[in-house]
Each structure stands twice: as C-alpha cells, then as structure tokens.
Amino acid sequence: MQGKIYIVGLGPGDPNMFLNPAINAIKEADVVIGYKYYFQFIQSFLQEGTACLDTGMKQETQRAEIAFEYAEQGKKVAVISSGDAGIYGMSPLIYEMAEKRDSNVEIELIPGISAFQAAAAKLGAPIGHDTVILSLSDLLTPWELIEKRIKAAVFGDFVTVLYNPKSKGRYWQIYRLQEIFLEERSPETPVAIVRQVGRDEEHIEMSTLADVDLEKVDMFSLVVIGNSQSYISKNNKFITPRGYYGKYSENGKPGPLIMQKSFATIAEELKGKDLPLATKWALLHLIHTSADFQMLDLLKVRNDAMNVWYDKLKNGGVIITDVTMITSGIRKAACERMGIEVKCYLHDPRVADLAEKHKITRTQAGIRLAVEDHPDALYVFGNAPTALIELTALMRSKNFAPMGIIASPVGFVNVQESKHRVKSFAKLPAVIIEGRKGGSTLAATIVNSVLSLDDAKELKPGRDV
C-alpha cells in the first residue's frame, strides 16, 4: 500500500480560519507530525488512534525524515505548519527530501491562511499594493543577503512584512532594518506589530517607523511596514492605497497626479543632498516649475524663513506682491483656508499720481503705499528690482522690518543689486534666488511652498493644488 504525505497549513491559529482541505487531511491522517505547540489547535479534528509526533523546535529536517519513513510504510502522514506551509513552512524540505530519496511517495500541499494575511485583515488594508515578505532569521540565510533584500524592499517602495523579526538571541537585526528604512522612508510611515494573530493572546499595536517600540517585538510577532503612500485613517485603520494617488487626490485629478510624480522624480535626483526639509520642499516646487536643477545652487533661505512665515501665516496675515501675476499664481484655496489676504498695489488709483509726483516707477509707488498700510506683511518680488530696492530703502529710512522678503526679480538691470540689498538685513527672514534668474512664477511658487509646508514631511504636492 502506497502512503501519502499531506503538507498542511493550519492558518494563524484560530480553528475558525482552518480551510476545509486542511481539516480533511488531518482527519484522514494516520500520523500527524509537527511542533508540539500546534497540536492544541487540531485536537477536535483528530481521529481516534492518530499518532501525534513532536520533533521539537528547529528540527524541521527530522520531521521530514520521519514523515517519509511512515509514508513509505503505507501510512497517511500530515506534516503541519502554522499559516501557509509554503511560506517559511515545511513544503520546501519535503519536496527537496523526496528528490534526494528518489521517493515515489505522493505529496499534496494543503494551503493555509498565512499569518500576514490574517494580520492584514485585522489592521485594515495595509497590503493593498505590492508587498514584500522578509524573514529576519539568519539561521538558514546569511545576514549579508538579508540586508541586501531589506535595501531592495526600501528602494522599491514595497509594503514590507517581517516574519521571525526578533528573538532573545537575535535582537539587533530589526534595529538595523529600522535604520535602513529611515534612510529612505518618512519617519511617519505607519508600522504595526501584530502578536499572536488569530489566537487568544492576540495583541495589535500601531505606531510609526520612527517611534515604534521594537522591544515589544518577539518571535510570535509580525511587523508590517507601510510604503510611502500608506497612512492611518481617522478610524485607526492601516491603509495602503492601490495606486500612487496621494491622500489629497482621491478623485484622480490629473494635475495633482502629474505634480506628485514630478516631485518623486525630483526628490530622487536630490537624494543625498544635506538639505533642511523646508529648503528641500521649496526646491521641489521651484524645480517642478522651472525644470532647472540650478535652483539647488541659486536658492538661499535665510534665518529659517519658510518655517517662520508658515508659523505666522497659518493663522492669517497679509502678503504684498510687486505685480498682479504673482497674486494670480498664489494658491487661493490655501489663502482662504488660512485667512491670508494677498494684495498688489500696482493698480491702486493713488499709484499713478504718486509715481508722477516723485518721478518713480508705478511698482515703486505701489510699495510705498503698501508699507504705509502693511509694514509687517510678507513682501514678494518676482518682476521689478526697482520695487525691491524701494522697500529696502524704506526699511532703512523708516527703521521697520516686514515679516520677510521673497527676492526673485528677474532681468539684467539692478536685479543682482536688489538681492544684495536684502542680504544686508542680517536678521531678516528672506528667500532669495541668486543672480539674474527669478520671475513672478517662481516667486509665487515659493509662496505656495510656504503655505503647504505642513505637507513637506510626505513630500507630496498637498491639498490646495
């Protein structure tokens, strides 16, 4: 009589998650072989007289050998694994041993619900996009190879599920993994520790890549790390979107999607640059607008200007522009949300008379009027160096300091001089585009990067695009 080996995946531990083929295989078995911990889950399915053989932890090879010995005697043998027997389970050993023994014993693999699937169902939808499953155990795989795979998972922006993440004698590896992930992925990336999923002792803890308490991880735990799009929803569900659309682009509008893809491309080229987050955020906007990576050298942020301005403007304020083109380019939705008033005095009815009276340009006249009304505003220049020179002269003569200056006039006459004048105010928060380059579009872009600074951590375009 020819025997048979069933390789059975029991699922994560809850008998309610056993699949019918697994139950039937256990009922048919003359012998069940496995680690003793798992026998408690199958007692109700065992037939009278079925032998249960425990080979102990880390004795997988012995299990396989015993299975063939009984099967070659004509017995039906069930070799049990938790989860799915094909994922870090017994199936590779059984099939390899069959080949080495040149055995004719029939082998049938019975799939089970893997622990990572059960954990994902408990968390929400963390594996909604491409996912990598890694074991951190270096018992059978050299750590050098495991680390290469970790880096590949990070570089590929995969959701990553960790099996065998940590044990009493193997504890430092998961800290090294965290270090590698933080080099590429946001500290706010969702991370979940799921312990004893599907069992009475089940415990779930959600955190972030930076704050996760790795001391709570053990061999009964799975760790799930999100990709760059993953987030925790308002009802505390771990969600990874099916595509790279961003949390402010649920409707799939083409503008935000294209901008987000552009940001990702630019960020990749800026990788390795030692830049403050606010400066990097401004550069993403500027390079996206201009396709000019020279902005990396031309942009100068003084006195933590962007953070200072965001803190002041998030509760309202006034922005003064030298020309109306900048006003048109500043995101209206952001201004409405934050209570910001954007003003340009160029078409104020008083401007023409003031310009004629003092023989100055209309933009200079507009700045004189603006200073009288709003000396503490953020002043933005993208066109007229004469207007910027006018403001700096008034700051000296009237001894006042505005919230700050964005100095981005463009051209060949007085442009560089106007920017050098801004630098003479050593304590003034300012953003300057050096040299002759600039323009109203870039000036508005800098303002938009300031108004969306709360989105900078995720390096996504933001809600007001």
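These remarks concern the structure in this document. Since this is a predicted model, take the numbers as computed values, not measurements.

## Quick notes on the sheet that holds strand β10 (residues 203–208)
Strand order in the open sheet formed by five strands is β7-β8-β11-β9-β10, and the pairing between neighbours is mixed. Only two strands of the sheet have a single partner each, and these edge strands are β7 (131–135) and β10. Averaged over neighbouring strand pairs, the angle between their axes works out to 15° when direction is ignored. For strand β9 (residues 190–195) and strand β11 (residues 221–225), the ladder comprises five bridges, and the chain directions are antiparallel.

## Some thoughts on the packing of aromatic side chains
Applying the stated rule across the entire model yields eight aromatic pairs. Judged by centre distance (5.1 Å) and plane angle (70°), the ring pair of W143 and W172 falls under edge-to-face. Residue W143 is found in helix α5 (residues 143–155), and its partner W172 is found in the loop between β8 (159–163) and α6 (173–184); the two are separated by 29 residues along the sequence. Looking at W143, the relative accessible area reads 10%, which means it is buried. The interplanar angle of 85° and the centroid separation of 5.7 Å between the aromatic rings of F263 and W281 together place this pair among those described as edge-to-face. Taken together, the residues span a long stretch of sequence, with F263 in helix α7 (residues 254–269) and W281 in helix α8 (residues 277–290) at a distance of 18 residues. Exposure class is identical for F263 and W281. Each is buried. In this structure an aromatic cluster arises from ring pairing among Y35, Y37, Y38, F41 and F220.

Scoring rules and cut-offs
Residues numbered from 1 in each chain as written. Predicted model: local features only at pLDDT ≥ 70, side-chain atom pairs only at ≥ 80, totals over all residues. Heavy atoms only, no water. Pairing = 2+ DSSP bridges. Helix = DSSP H or I, 4+ residues; strand = E, 2+ residues; numbered from the N terminus. Axes fitted to C-alpha atoms, helices over the stretch in contact; angles between N-to-C directions. Phe/Tyr/Trp six-rings, centres within 6.5 Å; stacked < 30°, edge-to-face > 60°. Buried < 20%, exposed > 50% of the residue type's maximum accessible area, 1.4 Å probe, protein only.

Remember, this is a structural readout, not a statement about activity or role.
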